[in-house]
Amino acid sequence: MKKALKYIFHIDHFLIAVLTFVLIGIGYAAVMSFPIFDPLKEAMSDMSMTDYFFRLADKNSDVNQDITIVDIKDEANRGKIANVIATIDSLEPWAVGVDITFMGIKGTPEENEALIETALNAGDRVVWATQLVDYDFANKNFAEKRSSFFAEELAVKEGFSNLDDVNYNHNTIRKMFTVVEGDSGTLASLPVAIAQTVDSTNLKPNSKLTIDYKTKFVVLPVDSIDSHEDLIKDHIVLVGSTTDEGDMWKTPLGKMPGVVLQAYSVFTVRSHNDIHYASYIVNLLIAFVLCYLFELFVDLQNRWLARHGDAPWAIFLSRSYLLLRIVTIVFMALVTWGVLSLFIHHSSYVDAILILLVLGLMSEARNIYIAAIWALSKNHNWCILKNSLFNTDKK
């Protein structure tokens, strides 16, 4: 037992794991320092393993039973939209979110009057979209709110529909706004305002939630509402266009209309299922432990082959590195499965990219370490060299 523990906790394994992280650090410094790596750096800035996990989860996700999307299409005028909202409201949904901002007086007077009448009759059950603009980085708030032409006069319930971050760099949408403090006071985002209409939801101002994409939604064409009352009554209904090219966004599941993104955000707020990300230190610790364990597996595999060194199959597996590759693939697959299970079932994420990178580079670090031991042991008799597991020329 003592001999086994001495082997398991041998300093060689520890130093190989440390060297693996040194190689990663050198590679990262090179990517960050040289302009030739700018395309790689840009790609890495908008990359997350959670995107892959959400795509896997999406294949087996269920259709949401509480949220329905009504697609008004691009051709619907203000009069028709007003009638649609009024019809939906008459069917007694829990809440209606209108993901459309009616800027200024447009169309015919009758169409605008229809919108005003709908807004008057709908009451607090309907939440109207507004847009926040001119972000103040110093004070961390938006300077201006742009609402529908009737919103201020009628004092309707509003929620801001901003999806992109304040830099407007159109990266993949992984997080949603919740509540912000502005010049006009505290304002909830459209998804939060909708969720609060159904039940009380308390969220910290100026915070963001990671959007939970592990569900699907029914999308009703605007002309099919009357035949699907069961999908309106006692449901949260979002009204918007799924075909407006100006309102398409990059998401982990691919290109997505803004109204569908709002539906995922409502689902996230109501499920209280924010993704919990492991801290930087925890990620490093997990990656180091797994690297150490992987080094033990690889070393045990090599020693097992060495004991059968004269057998043709052992020679083949050793010289071709076939068994090493199989062990590496299996170990990586098990780690990926574990991280995926943690993400899907417990909404917790550890840095899978870092872990896989560490496992991928460990063999290189091991080869460099063994080569250094062999080279130095020719001319030196240091304690670390004499006690190394890889010193075949001990003095």
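The structure displayed is predicted, hence computed values, not measured ones. (Residues numbered from 1 in each chain as written. Predicted model: local features only at pLDDT ≥ 70, side-chain atom pairs only at ≥ 80, totals over all residues. Heavy atoms only, no water.)

### Some points on the overall build of the chain
On a plain count of helices and strands, the chain comes out with 14 helices and 15 strands. Burial analysis of the chain (395 residues in total) assigns 45% to the buried set. Look at the contacts in the chain between residues 6 or more apart in sequence, and 77% of them connect residues 24 or more apart. (Helix = DSSP H or I, 4+ residues; strand = E, 2+ residues; numbered from the N terminus. Buried < 20%, exposed > 50% of the residue type's maximum accessible area, 1.4 Å probe, protein only. Contact = heavy atoms within 4.5 Å.)

### Here we look at the pairing of strand E13 (residues 254-257)
Pairing of strand E12 (residues 248-251) with E13, which is carried by four bridges, proceeds in the antiparallel orientation. Looking at E13, one finds that threonine 251 is bridged to glycine 254. (Pairing = 2+ DSSP bridges.)

### Section: the packing of aromatic side chains
Throughout the structure, instances matching the rule amount to 20 aromatic pairs. Taken together, a centroid distance of 5.0 Å and an interplanar angle of 75° make the contact between phenylalanine 54 and phenylalanine 343 edge-to-face. With phenylalanine 54 in helix H4 (residues 49-59) and phenylalanine 343 in helix H12 (residues 322-346), this pair connects stretches of sequence that are 289 residues apart. Here phenylalanine 54 falls in the buried class, since its relative accessible area comes to 2%. Here the aromatic rings of phenylalanine 102 and tryptophan 128 are separated by 6.3 Å at their centres, their planes lie at 65°, and the arrangement is edge-to-face. Here the residue phenylalanine 102 occupies a position in the loop between strand E2 (95-98) and helix H6 (109-122), and tryptophan 128 occupies one in strand E3 (residues 126-136), the gap between them amounting to 26 residues. Assigned by exposure class, phenylalanine 102 and tryptophan 128 land together as buried. (Phe/Tyr/Trp six-rings, centres within 6.5 Å; stacked < 30°, edge-to-face > 60°.)

### Focus: the environment of threonine 87
By secondary structure assignment, the location of threonine 87 is in helix H5 (residues 78-90). Once residues lying within four places of it in the same chain are set aside, the contact partners of threonine 87 are Ile225 and Asp226.

### Observations regarding a nonpolar patch on the surface
Side chains of Ile11, Phe14, Val18, Val22, Ile26, Leu376, Trp382 and Ile384 sit close together on the surface and give an oily, nonpolar patch of about 670 Å² of accessible area. With relative accessibility at 53%, the residue isoleucine 26 sits in the exposed group. (Patch = residues over 30% accessible without salt bridge, like charges linked within 9 Å, V, L, I, M, F, W, Y side chains within 5 Å. Areas by Shrake-Rupley, 256 points an atom, 1.4 Å probe, with all protein chains shown as cover. Salt bridge = Lys/Arg side-chain N within 4 Å of Asp/Glu carboxyl O.)

### Re the packing of helix H2 (residues 11-33) against helix H10 (residues 280-307)
Between H2 and H10, the shortest axis-to-axis distance is 9 Å and the interhelical angle comes to 125°. As summarised for this structure, H2 and H10 are arranged oblique, according to the angle between their axes. Between H2 and H10 lies a crossing whose hand is right-handed. Contacts from His13, Phe14, Ile16, Ala17, Val18, Thr20 and Phe21 in H2 reach Leu284, Ala287, Phe288, Cys291, Tyr292, Glu295, Leu296 and Asp299 in H10. Residues of the contact of H2 with H10, tallied by class, amount to 11 nonpolar, two polar and two charged. (Axes fitted to C-alpha atoms, helices over the stretch in contact; angles between N-to-C directions. Parallel < 35°, antiparallel > 145°, perpendicular 65-115°, else oblique. Left-handed = near helix turned anticlockwise from the far one by under 90°. Nonpolar A, V, L, I, M, F, W, Y, C, P; charged D, E, K, R; others polar.)

### Quick notes on H4
Taken together, the buried positions of H4 are Met49, Thr50, Asp51, Phe53, Phe54, Ala57 and Asp58. Packing partners of the buried residues in H4 comprise strand E10 (216-221), helix H9 (258-271), strand E14 (276-277), H12, strand E15 (348-349) and helix H13 (352-376).

### Section: the pattern of salt bridges
A side chain of one charge can pair with a side chain of the opposite charge when the charged atoms of the two come close. This model, assessed by the stated rule, comprises 13 salt bridges. The salt bridge partner of arginine 270 is aspartate 199, with a shortest N-O separation of 3.2 Å. With arginine 270 in helix H9 and aspartate 199 in the loop between helix H8 (190-198) and strand E9 (208-210), this residue pair connects regions lying 71 residues apart in the sequence. On the basis of relative accessibility, which here comes to 23%, the residue arginine 270 falls in the partly exposed class. Via salt bridges that share partners, Glu295, Asp299, Arg303 and Arg366 belong to a single interconnected network.

### Overview of H10
The first and last C-alpha atoms of H10 sit 41 Å apart over 28 residues, in line with the 40 Å expected at 1.5 Å per residue. Inspection of H10 places Asn283, Ala287, Leu290, Cys291, Tyr292, Phe294, Glu295, Leu296, Val298, Asp299, Gln301 and Leu305 among the buried residues, and these make up the whole buried set. Where H10 is buried, its residues contact helix H1 (2-8), H2, helix H11 (312-320), H12 and H13. (Expected span 1.5 Å × (residues − 1).)

### Topic: the environment of valine 22
Tracing the backbone shows valine 22 in helix H2. With 343 residues separating them along the chain, valine 22 and alanine 365 place their C-alpha atoms 8.9 Å apart.

### Observations concerning the packing of H4 against H12
Where H4 contacts H12, the two axes come as close as 10 Å, and the packing angle between them is 70°. For the element pair H4 / H12, the angle class is roughly perpendicular. Across the interface between the two elements, Thr50, Phe53, Phe54, Leu56 and Ala57 of H4 pack against Thr336, Val339, Leu340, Phe343 and Ile344 of H12. Residues of the contact of H4 with H12, tallied by class, amount to eight nonpolar, two polar and no charged.

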